[in-house]
Amino acid sequence: MEGRRKFIKLSVLSTIASLPLTGYPKTPFASSGNAPVQYKPQVLSTWNHGMPANDKAWEVLGSGGTILDAVEQGVMVTENDLSNLSVGLQGLPDREGIVTLDASIMKGDGSCGAVAFVRQVKHPISLARKVMEKTPHVMIVGEGARQFALSEGMPMEAETLSPNAKEAYDRWKEKANYQPIINIENHDTIGMIGLDKDGSMAGSCTTSGLAYKMHGRVGDSPIIGAGLFVDDTVGAATATGLGEEVIRICGAFLIVELMRQGRTPQEACEEAVKRAVAKSKDLENTQIGFLAMNKEGSFGAHAIRPGFNFAQHHQNGRKLIDSGSWFK
Ligand code: SD4
C-alpha cells in the first residue's frame, strides 16, 4: 500500500508539464503579521492560469453576473485552455490512458455540487453546478455523471488524448522509474474563490487530477471541505496539490473554521499547512497550496514548498502573487 501511494506521488510529481510563462506582474506575498489588506469585490485563483480565469470572472461580475456565475465561467477558461495539462479534457490521463475529471462548486449559503471520475464532459464545473441546482444530491460520479451530462445536453468530446497529453503519456509508459520534481510550479488544478460587492461568496475547483493516477482515483478537488469550502458568514478556501494529503486534514473546511475562530486567512492557511506537514506520510515528495479569503476581503495563501502562486483581481488591479511556504 505504502509503495503504491509513493508510486502515485512520484509519478505525478515527475510528469506535470509547464504552462508558458507570461508577462504578468509578480509580487512577493506579505505574510502574516502585516496589516491586513482588504478588497471587496475580489476574485482569487490558484496558479498562473488564474490570471485569464480571473479576468473572465471579473468581466462576468462587471456585466451583472452573480458571484456563482463568475466562479463558474472563470474556471471554464482554464477547462478550455488546450495548453493546460492539469485541467479539462486536454489534461494528462490516468495509468490506463483515460482522462477523468473532478470538479466542485459552492455558494456561501452552503449550496454545493460536485462531480468526480467523469469522462468526456467538456465543462465538469458546469456539470457540478447542475448537480447543485437540478438534483437533490451533492456529488455524482463516473458513468452516472456522464449520463447526467448527456441528459442535460452538455458539450461532450470524444475520448482522444490531446497531442500534448498523448506525447507525455507515451513517454511515461516507456519508463518504470520516475524522478520526482518536487517544486511544482504554475501548472495545477484551478481553485477560484470570489466575493462580490454585497458580501456574497462562491468558489469553484476543477482538475484532471493527478497524472497517471490509478483508474478510479478521486482527489480533493471535488470533495466539499477538502478542495473547496465556502461559507459567506466567514470566508472561503481552496486547495491545490496532492489531494490525498488535503483530504486527510479536510483542508478547505479546516481553513474556514480557523477563520471562524478568529484567524486571518493567512494564519489559517499557515496552520493548515502545518497540520498537513504533521500528517504527511512522505513530506519530501509532497506539495500542497492553500488559498483563502474572508468575508471582509482579506486574503492569504501558504504552501508546503516554494513555487505556489495565485492570481488576484480587484478594483485596483490584477496581479500574480507568490505564496510563502513551510520549506523555505
Ligand atoms: C488532486 N489536488 O487531484 C488535485 C490535483 C492537483 O497537483 O492539484 N494536483 O489531487
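You'll find the structure just up there.
Anyway, here's the lowdown on the structure attached to this text. What you see is a predicted model; the values in this text were computed from it and never measured.

## Focus on the site of the ligand
Turning to step 1, where the next piece is worked out: The full set of residues close to the ligand is Asp 188, Thr 189, Thr 207, Gly 209, Leu 210, Arg 217, Gly 219, Asp 220, Ser 221, Thr 240, Gly 241 and Gly 243.
Turning to step 2, where the next piece is worked out: Between the ligand and the protein, one listed contact pairs an oxygen atom with a side-chain N or O atom of Asp 188 at 2.5 Å.
Turning to step 3, where the next piece is worked out: Contact with the protein chains removes 97% of the 290 Å² of surface that the ligand exposes when unbound.
Turning to step 4, where the next piece is worked out: Its residues placed into classes, the shell around the ligand shows one nonpolar, eight polar and three charged.

## Quick word on unusual backbone geometry
Turning to step 1, where the next piece is worked out: Lys 40 connects to Pro 41 through a cis peptide bond whose omega is 5°.
Turning to step 2, where the next piece is worked out: Within the secondary structure, Pro 41 is located in the loop between strand E1 (26-28) and strand E2 (42-46).
Turning to step 3, where the next piece is worked out: Despite not being glycine, Tyr 212 shows a phi value in the positive range, around 60°.
Turning to step 4, where the next piece is worked out: Tracing the sequence through the fold places Tyr 212 in the loop between strand E7 (201-207) and strand E8 (228-231).
Turning to step 5, where the next piece is worked out: Phi is positive for Cys 250, which is not a glycine, with a value near 45°.

## What to know about the environment of Ser 200
Turning to step 1, where the next piece is worked out: Along the chain, Ser 200 turns up in the loop between strand E6 (190-195) and E7.
Turning to step 2, where the next piece is worked out: Separated by 133 residues in the primary sequence, Ser 200 and Ile 67 have C-alpha atoms spaced 7.0 Å apart.
Turning to step 3, where the next piece is worked out: If we ignore the near neighbours within four places in the chain, the residues touching Ser 200 are Ile 67, Gly 194, Leu 195 and Asp 232.

## Considerations on the side chain of Gln 287
Turning to step 1, where the next piece is worked out: As for its position among the elements, Gln 287 is in the loop between helix H9 (265-279) and strand E10 (288-294).
Turning to step 2, where the next piece is worked out: Overall, the relative accessible area of 2% leaves Gln 287 in the buried class.
Turning to step 3, where the next piece is worked out: Of the polar contacts made by the side chain of Gln 287, one reaches the backbone nitrogen of Ile 304; its length is 3.3 Å.
Turning to step 4, where the next piece is worked out: Side-chain polar atoms of Gln 287 contact the backbone oxygen of Arg 305, separated by 2.9 Å.

## As for the packing of helix H4 (residues 124-134) against helix H5 (residues 142-151)
Turning to step 1, where the next piece is worked out: Relative orientation of the contacting elements H4 and H5 amounts to 80°, with a least axis distance of 11 Å. For the element pair H4 / H5, the angle class is roughly perpendicular. In contact with Leu 127, Lys 130, Val 131 and Lys 134 of H4, H5 contributes Ala 145, Phe 148 and Ala 149.
Turning to step 2, where the next piece is worked out: Per-class residue counts for the contact of H4 with H5 are five nonpolar, no polar and two charged.

## Some points on the nonpolar core
Turning to step 1, where the next piece is worked out: The biggest cluster of nonpolar side chains holds 44 residues, and the ones touching the most others in it are Leu 44, Ile 193, Ile 255, Met 259, Phe 290 and Phe 310.
Turning to step 2, where the next piece is worked out: Discounting chain neighbours no more than four positions away, the residues touching Ile 193 are Gln 42, Val 43, Leu 44, Ala 202, Gly 203, Leu 228, Ala 236, Ala 237, Thr 238, Leu 291, Ala 292 and Met 293.
Turning to step 3, where the next piece is worked out: With 33 residues, the next largest nonpolar core counts Ala 53, Leu 89, Leu 101 and Phe 148 among its residues.

## Some points on the environment of Gln 42
Turning to step 1, where the next piece is worked out: Inspection of the secondary structure assignment puts Gln 42 in strand E2.
Turning to step 2, where the next piece is worked out: Each C-alpha atom, one on Gln 42 and one on Trp 58, is 8.4 Å from the other, the two residues being 16 residues apart in sequence.
Turning to step 3, where the next piece is worked out: In this structure Gln 42 touches Trp 58, Ile 193, Gly 194, Leu 195, Met 293, Gly 297, Phe 299, Gln 312, His 313 and His 314, once residues within four positions along its chain are discounted.
Turning to step 4, where the next piece is worked out: Engagement of the side chain of Gln 42 in a polar contact is seen with the backbone oxygen of Tyr 39, the distance being 3.3 Å.
Turning to step 5, where the next piece is worked out: Polar contacts involving the side chain of Gln 42 include one to the side chain of Gln 312, which spans 2.8 Å.

## A word on the environment of Asp 231
Turning to step 1, where the next piece is worked out: Considering the arrangement of structural elements, one finds Asp 231 in strand E8.
Turning to step 2, where the next piece is worked out: Sequence separation of Asp 231 and Val 256 is 25 residues, and the distance between their C-alpha atoms is 7.5 Å.
Turning to step 3, where the next piece is worked out: When residues no more than four places from it in sequence are discounted, the contact partners of Asp 231 are Gly 108, Val 256 and Arg 260.
Turning to step 4, where the next piece is worked out: Among the polar contacts listed, one links the side chain of Asp 231 to the side chain of Thr 233, at a separation of 2.7 Å.

## Here we look at the sheet that holds E10
Turning to step 1, where the next piece is worked out: If you trace the five strands from one edge of the open sheet to the other, you get E8-E9-E10-E11-E14, paired in mixed fashion. Edge positions in the sheet fall to E8 and strand E14 (324-325), since each has one partner strand and no second.

## Observations concerning a nonpolar patch on the surface
Turning to step 1, where the next piece is worked out: Together, Val 138, Met 139 and Val 141 make up a nonpolar patch on the protein surface, roughly 220 Å² of accessible area in all.
Turning to step 2, where the next piece is worked out: Its location among the elements puts Met 139 in strand E5 (residues 139-141).
Turning to step 3, where the next piece is worked out: The exposure class assigned to Met 139 is partly exposed, which follows from its relative accessible area of 35%.

## Here we look at the packing of helix H8 (residues 251-260) against H9
Turning to step 1, where the next piece is worked out: Across the interface, H8 lies against H9 with an axial gap of 9 Å and an inter-helix angle of 135°. Between H8 and H9, the angle falls in the class oblique. Where H8 crosses over H9, the two elements pack in a sense that is right-handed. Contact residues: Leu 254, Ile 255, Leu 258 and Met 259 in H8; Pro 265, Ala 268, Cys 269, Glu 271, Ala 272 and Arg 275 in H9.

## Overview of helix H3 (residues 67-79)
Turning to step 1, where the next piece is worked out: Over its 13 residues, H3 extends 18 Å from the first C-alpha to the last, a length consistent with the 18 Å expected when each residue adds 1.5 Å.
Turning to step 2, where the next piece is worked out: With eleven of its 13 residues buried, H3 lies for the most part within the structure.
Turning to step 3, where the next piece is worked out: Tucked into the core, H3 has its buried residues touching helix H2 (50-62), strand E3 (101-107), H4, E6 and E7.

Reading the values: rules and limits
- Within every chain, residues take consecutive numbers counted from 1 along the sequence as written.
- Where local features are concerned, this predicted model is filtered to residues with pLDDT of at least 70; where side-chain atom pairs are given and counted, the filter is 80 or more; whole-chain, interface and lining totals use all residues.
- Excluding hydrogens and water, the side-chain values take into account all heavy atoms of the structure.
- A single heavy atom is enough: if one lies within 4 Å of a molecule or strand, its residue is considered near that molecule or strand.
- N or O atoms within 3.5 Å of each other form a polar contact, as long as, within protein, one can give a hydrogen and the other can take it, and as long as residues adjacent in sequence are counted only when both atoms are side-chain atoms.
- Methods summary: accessible areas were calculated by the Shrake-Rupley approach with a probe of 1.4 Å, and residue burial reflects only the protein chains presented.
- Under this grouping Gly is polar, as are all residues other than the nonpolar Ala, Val, Leu, Ile, Met, Phe, Trp, Tyr, Cys and Pro and the charged Asp, Glu, Lys and Arg.
- Numbering of helices and strands starts at the N terminus; helices are DSSP runs of H or I of at least 4 residues and strands are runs of E of at least 2.
- We call two residues in contact whenever any of their non-hydrogen atoms come within 4.5 Å of each other.
- Any residue under 20% of the maximum accessible area for its type is buried, any over 50% is exposed, and the rest in between are partly exposed; the area is computed with a 1.4 Å probe on protein chains only.
- Here an axis means a line fitted to C-alpha atoms, over the contact stretch when the element is a helix, while the angle between two N-to-C directions is reported on a 0 to 180 degree scale.
- Angles below 35 degrees are treated as roughly parallel, those above 145 as roughly antiparallel, those between 65 and 115 as roughly perpendicular, and all remaining angles as oblique.
- Working definition of a nonpolar core: buried Ala, Val, Leu, Ile, Met, Phe, Trp, Tyr and Cys residues. They are joined through side-chain atoms within 4.5 Å.
- Strand pairing requires that DSSP identify at least two bridges connecting the strands.
- Nonpolar side chains (Val, Leu, Ile, Met, Phe, Trp, Tyr) are joined into patches within 5 Å and like charges within 9 Å, using only residues with over 30% relative accessible area and no salt bridge.
- Here, a salt bridge means any side-chain nitrogen of Lys or Arg that lies within 4 Å of a carboxyl oxygen of Asp or Glu.
- Handedness of a crossing follows from how the near helix is turned relative to the far one, being left-handed for an anticlockwise turn of less than a right angle and right-handed for a clockwise one.
- The length a helix should cover is 1.5 Å for every residue beyond the first.

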